[in-house]
Amino acid sequence: MARRRGFTPRTECAVCEQIEADDELSDVSGFPAGSLLTHILRVRYADGKAVGTDESYYLAERVPGLTPEVVNRSVYAYLEGELGMRIVTSKRTITVEGVNDADKANLDLAGYNALAVVRGNAFDAEGIMVEYTETRQIPGFFSLYETAIRPTR
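This structure is a prediction, so every number in the text was calculated from the model and none was measured. (Residues numbered from 1 in each chain as written. Predicted model: local features only at pLDDT ≥ 70, side-chain atom pairs only at ≥ 80, totals over all residues. Heavy atoms only, no water.)

**As for a negative patch on the surface**
Argument step 1. On the surface, E20, D22, D23, E24 and D27 cluster together to form a negatively charged patch.
Argument step 2. Its location among the elements puts E24 in helix α2 (residues 23–29).
Argument step 3. The class for E24 is exposed, based on a relative accessible area of 61%. (Patch = residues over 30% accessible without salt bridge, like charges linked within 9 Å, V, L, I, M, F, W, Y side chains within 5 Å. Areas by Shrake-Rupley, 256 points an atom, 1.4 Å probe, with all protein chains shown as cover. Salt bridge = Lys/Arg side-chain N within 4 Å of Asp/Glu carboxyl O. Lys, Arg positive; Asp, Glu negative; His and termini not counted. Charge placed at Lys NZ, Arg CZ, Asp CG, Glu CD. Helix = DSSP H or I, 4+ residues; strand = E, 2+ residues; numbered from the N terminus. Buried < 20%, exposed > 50% of the residue type's maximum accessible area, 1.4 Å probe, protein only.)

**Some words on the state of the cysteines**
Argument step 1. Enumeration according to the criterion identifies zero disulfides in this entry.
Argument step 2. C13 takes part in no disulfide bond, and the closest cysteine sulfur, belonging to C16, lies 4.9 Å away.
Argument step 3. Among the residues examined, C13 registers a relative accessible area of 16% and is labelled buried. (Disulfide = S-S within 2.5 Å.)

**Some thoughts on helix α4 (residues 75–82)**
Argument step 1. Buried within α4 are the following residues: V75, Y78 and L79. The buried residues of α4 all sit within an arc of 95° when viewed along its axis, so they share a single face.
Argument step 2. At its buried positions, α4 is contacted by β2 (36–46), β3 (49–59), α3 (68–73) and β4 (87–98). (Arc of directions from axis to C-beta. Contact = heavy atoms within 4.5 Å.)

**Focus on the side chain of H39**
Argument step 1. Examined against the element boundaries, H39 turns out to sit in strand β2.
Argument step 2. Classification of H39 as buried rests on a relative accessible area of 9%.

**A few points about the pattern of salt bridges**
Argument step 1. Taken as a whole, this structure holds nine salt bridges when the rule is applied.
Argument step 2. Salt-bridge contacts for E126 lead to R62; the nearest nitrogen and oxygen are separated by 3.4 Å. Remark: R62 occurs in the loop between β3 and α3 and E126 occurs in the loop between β5 (114–124) and β6 (129–137); sequence separation between them is 64 residues.
Argument step 3. R136 is the partner of E97 in a salt bridge, and the nearest nitrogen-oxygen pair spans 3.6 Å. A residue pair is termed long-range when its members are at least 10 positions apart, and E97 in strand β4 and R136 in strand β6 qualify at 39 residues.
Argument step 4. Judged by relative accessible area, which is 5%, R136 ranks as buried.

**Concerning the nonpolar core**
Argument step 1. In terms of nonpolar packing, the biggest core is built from twelve residues, these being C13, I40, Y58, V63, L66, V70, V71, V75, Y78, L79, M85 and V130.
Argument step 2. Here V71 is in contact with T11, C13, I40 and R42, once residues within four sequence places are set aside.
Argument step 3. Counting residues in each nonpolar core, the second largest holds ten residues, with A46, A50, L109 and F141 among its members. (Core = buried A, V, L, I, M, F, W, Y, C linked by side-chain atoms within 4.5 Å.)

Put into structure tokens, the structure is as follows:
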């Protein structure tokens, strides 16, 4: 998207911490309560303007070694290239929602009062859920590309 639209992208890791999933996070994420998780908050920039956030939780036992430096480069390059993990499937829910206090604090909203919100879970080749992410993007920086394959008979 950056190349096509002609802007310079940048990612900044705002949070990188180990936490234990409580009941509320378990309900939202799908990770069992008590799971040790790495909590990451990334702010996505386009030409210096904060246009989106990704708040992610990674199962620490399957995704060790996440640091702000890794997050700023690319979590998936780390998962696939350094850990040798294969992400084989994900499920996503896409909505449009009103902005919240965190959006007001983290994003350059430019007058927008609603965002595209994508919530998703990613699973490795063994079928284990390794990630829950909530992505929030201002209009104009959200794109969805989907290919549906129907079985042939």
